[in-house]
Amino acid sequence: MQRELLVLATLLAYAHCIRFYLDPNAMKCLKEEVQADVLVAGEYEVSDTPSVKTEYIIRDSKGHILSKKDDIPHGKMLKFSFATESYDTFEICFMAQAIQPSFSGNKQNKQEVHLITKRGIEAKSYEGIGEAAKLKPSEVELKRLEDLSGAIVQDFVRMRKNEEDMRDTNETTNSRVLYVSLFSMCWLLVLSTWQVVYLRRFFKAKKLIE
């Protein structure tokens with residue numbers, strides 16, 4: 001039972017870790033799809049690079065700003081978090097601006113960005129929840145299992161809804177294909193009849209047939 005819960009927790013809790021380099025006066029963005037009512041948390045660290053100012057911004061598909069920081073302290077692990085209201089795609093962008101002119105080919109001016117994103121149960125800090133509510137370790141674990149069971153139910157409901165939507169789409173597509181095929185056959189029959197009648201009249205006018 002414990003192993004099954006661990007597997008389900010792995011499927012429902014997502015954590016991504018990525019490292020990339022950011023050139024001066026450049027921007028790099030990452031996109032990710034998130035379901036509705038999901039907590040998203042992250043940590044990021046920008047390497048210490050002289051004469052370079054770095055900022056980041058997180059936006060949804062409608063352009064709403066979810067999180068932003070204009071001047072990121074270099075060499076420190078910082079955090080961000082936000083909750084989604086509906087199924088959407090959010091975008092996180094890191095931008096570097098050179099304060100002083102430098103050679104773009106100089107690798108020393110490149111910044112290394114370390115980004116960790118978590119969502120779902122993985123994003124929640126149950127240690128902090130337990131300390132705030134003065135819960136025992138067993139109560140904290142029960143709280144985590146309660147959230148896990150709720151996430152499992154929501155995930156199954158979402159999968160069932162997606163299955164129903166796909167089935168409805170397939171049935172609608174099959175009906176439309178059938179109607180288009182019948183219309184094409186009727187139209188070809190009309191064209192063929194018209195062509196035979198036209199050719200018959202043409203040959204009669206030329207007195208090639210009686």
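About the cut-offs
Residues numbered from 1 in each chain as written. Predicted model: local features only at pLDDT ≥ 70, side-chain atom pairs only at ≥ 80, totals over all residues. Heavy atoms only, no water. Helix = DSSP H or I, 4+ residues; strand = E, 2+ residues; numbered from the N terminus. Expected span 1.5 Å × (residues − 1). Buried < 20%, exposed > 50% of the residue type's maximum accessible area, 1.4 Å probe, protein only. Salt bridge = Lys/Arg side-chain N within 4 Å of Asp/Glu carboxyl O. pLDDT = per-residue confidence, 0-100. Contact = heavy atoms within 4.5 Å. Pairing = 2+ DSSP bridges. Axes fitted to C-alpha atoms, helices over the stretch in contact; angles between N-to-C directions. Patch = residues over 30% accessible without salt bridge, like charges linked within 9 Å, V, L, I, M, F, W, Y side chains within 5 Å. Areas by Shrake-Rupley, 256 points an atom, 1.4 Å probe, with all protein chains shown as cover.

Overview of helix H3 (residues 137–205)
Thinking step 1. Compared with an ideal rise of 1.5 Å per residue, which puts 69 residues at 102 Å, H3 spans 100 Å between its outermost C-alpha atoms and is within 8% of the ideal.
Thinking step 2. Among all positions in H3, only Val 140, Asp 147, Leu 148 and Ile 152 are buried.
Thinking step 3. Phi for Lys 207, located one or two positions after H3, is positive at around 60°.

Considerations on the pattern of salt bridges
Thinking step 1. A complete count under the given rule lists seven salt bridges for this structure.
Thinking step 2. Across the pair Asp 23 and Lys 110 runs a salt bridge whose closest N-O atoms are separated by 3.8 Å. Residue Asp 23 is located in the loop between strand E1 (14–22) and strand E2 (26–34), and its partner Lys 110 is located in the loop between strand E7 (88–98) and strand E8 (111–119); the two are separated by 87 residues in the primary sequence.
Thinking step 3. By relative accessible area, Lys 110 is classed as partly exposed at 31%.
Thinking step 4. Residues Arg 119 and Glu 32 are paired through a salt bridge, measuring 3.3 Å at the closest nitrogen-oxygen approach. Pair noted here: Arg 119 is in strand E8 and Glu 32 is in strand E2, with a separation of 87 residues, a long-range link.
Thinking step 5. Here Glu 32 falls in the buried class, since its relative accessible area comes to 18%.

Looking at the confidence of the model for the protein chain
Thinking step 1. Per-residue confidence for the protein chain averages 80 on the pLDDT scale, and 86% of its residues sit at or above 70.
Thinking step 2. Across the protein chain, element-level confidence peaks in strand E4 (residues 52–59) with a mean pLDDT of 90 and bottoms out in helix H1 (residues 2–12) with 39.
Thinking step 3. Here residues 1–13 is modelled with pLDDT under 50, and outside its nearest four sequence neighbours on either side it reaches 14 contacts, counting other chains as well.
Thinking step 4. Every residue in residues 103–107 scores below 50 in pLDDT, and together they form one contact with partners more than four places removed in sequence or on other chains.

With respect to unusual backbone geometry
Thinking step 1. The backbone of Asn 25 sits at a positive phi, close to 60°, despite the residue not being glycine.
Thinking step 2. Along the chain, the position of Asn 25 falls in the loop between E1 and E2.
Thinking step 3. Taking relative accessible area as the criterion, Asn 25 reaches 57% and is therefore assigned exposed.

Describing the sheet that holds E4
Thinking step 1. Across the sheet, which stays open at both edges, the four strands sit in the order E2-E7-E4-E5 with antiparallel pairing between neighbours. At either end of the open sheet lies a strand with only one pairing partner, and these are E2 and strand E5 (65–69). Sheet twist, expressed as the average angle between the axes of neighbouring strands with direction ignored, equals 15°.
Thinking step 2. Here E2 runs beside E7; their pairing, made up of nine bridges, is antiparallel.

Details of a nonpolar patch on the surface
Thinking step 1. A surface patch of nonpolar side chains, about 710 Å² in accessible area, is lined by Trp 194, Tyr 198, Leu 199, Phe 202, Phe 203, Leu 208 and Ile 209.
Thinking step 2. Relative to the elements of secondary structure, Leu 199 occurs in helix H3.
Thinking step 3. Judged by relative accessible area, Leu 199 falls into the partly exposed class, the value being 36%.

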